[in-house]
Amino acid sequence: MRTKISDFTLFMTALGTLAAFRWIRAGSLPETGLFAAFFLLLYAAGRIDLRTGRLPDWCARAAFFLGALSLLFFSEPALYTRLAGIFAVSLPLFLICLLKPGAFGGGDIKLMAGCGFFLGAETVWFSFLIAFFSGGGWALFLLLTGRADRKARFPFGPFLCAGMALALVFKFP
């Protein structure tokens, strides 16, 4: 029996392996556990969005919970940076949705708010830039190859999750 493994799964598995080596070498068990839980959350959210085209609210709530839990173990990012992270990406996405309804889903907005609390403003903004350019590149590829027209929609959550995973692994910025 053959099992089909998606490109998203392969990408996130490779990043997860790199992250595991990095965190285990750091030697902090709480840090390793929290980052592993956050990474698994990103993977689950991306897979759910790929499969259903929706990001459930529990993903954002779980990100907020992990952010609150990490306050007990980490001094960085500072609380004010985490609070700014809630709005750094989610507020611009919300405003874009007010101007062009349907541009982003509500799940994307809520997930970025929760993840912004965990990552802080700078990192969540950088991860959004990664997602924006990779998602834009994918859209361009679909248009140029004729697989989609200008009105086609695709889930953006996997790009958001992959951007945050990259930011975590390589400690951007």
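Our subject is the structure listed above.
Given the structure is predicted, the values throughout are model-derived calculations rather than measurements.

Enquirer: Let's hear about a nonpolar patch on the surface: which residues, and what values?
Expert: Together, Phe87, Leu91, Phe94, Leu95 and Leu98 make up an exposed nonpolar region whose accessible area comes to about 500 Å². The greatest single-element share of the nonpolar patch, amounting to 4 residues, is contributed by helix α5 (residues 90–99). If you trace the backbone, Leu91 turns up in helix α5.

Enquirer: Tell me what's going on with the pattern of salt bridges, and back it up with residues and numbers.
Expert: Applying the stated criterion to the full structure yields 1 salt bridge. The salt bridge involving Asp57 is made with Lys110; its shortest N-O contact spans 2.6 Å. One end of the pair, Asp57, is in helix α3 (residues 57–70); the other, Lys110, is in helix α6 (residues 106–119), and 53 residues separate them in sequence.

Enquirer: Which residues make up α5, and what values do they have?
Expert: Those residues of α5 that fall on the buried side of the exposure criterion are Ser90, Leu93 and Cys97. The buried residues of α5 occupy one face: seen down the axis, they fall within an arc of 65 degrees. In α5, the exposed residues that point more than 90 degrees away from the buried face are Leu98 and Leu99.

Enquirer: Describe α6, naming the residues involved and giving the relevant values.
Expert: With 14 residues, α6 should cover 20 Å at 1.5 Å per step; its first-to-last C-alpha distance of 20 Å lies within 8% of that length. Most of α6 sits out of view: 12 of its 14 residues are buried. For α6, the full list of buried residues reads Gly107, Asp108, Ile109, Leu111, Met112, Ala113, Gly114, Cys115, Gly116, Phe117, Phe118 and Leu119. Buried residues belonging to α6 abut α2 (29–52), α3, α4 (79–88), α5, α7 (121–144) and α8 (157–170). Once α6 ends, the next one or two residues include Gly120, with phi positive near 95 degrees.

Calculation notes
Residues numbered from 1 in each chain as written. Predicted model: local features only at pLDDT ≥ 70, side-chain atom pairs only at ≥ 80, totals over all residues. Heavy atoms only, no water. Patch = residues over 30% accessible without salt bridge, like charges linked within 9 Å, V, L, I, M, F, W, Y side chains within 5 Å. Areas by Shrake-Rupley, 256 points an atom, 1.4 Å probe, with all protein chains shown as cover. Salt bridge = Lys/Arg side-chain N within 4 Å of Asp/Glu carboxyl O. Helix = DSSP H or I, 4+ residues; strand = E, 2+ residues; numbered from the N terminus. Buried < 20%, exposed > 50% of the residue type's maximum accessible area, 1.4 Å probe, protein only. Arc of directions from axis to C-beta. Expected span 1.5 Å × (residues − 1). Contact = heavy atoms within 4.5 Å.

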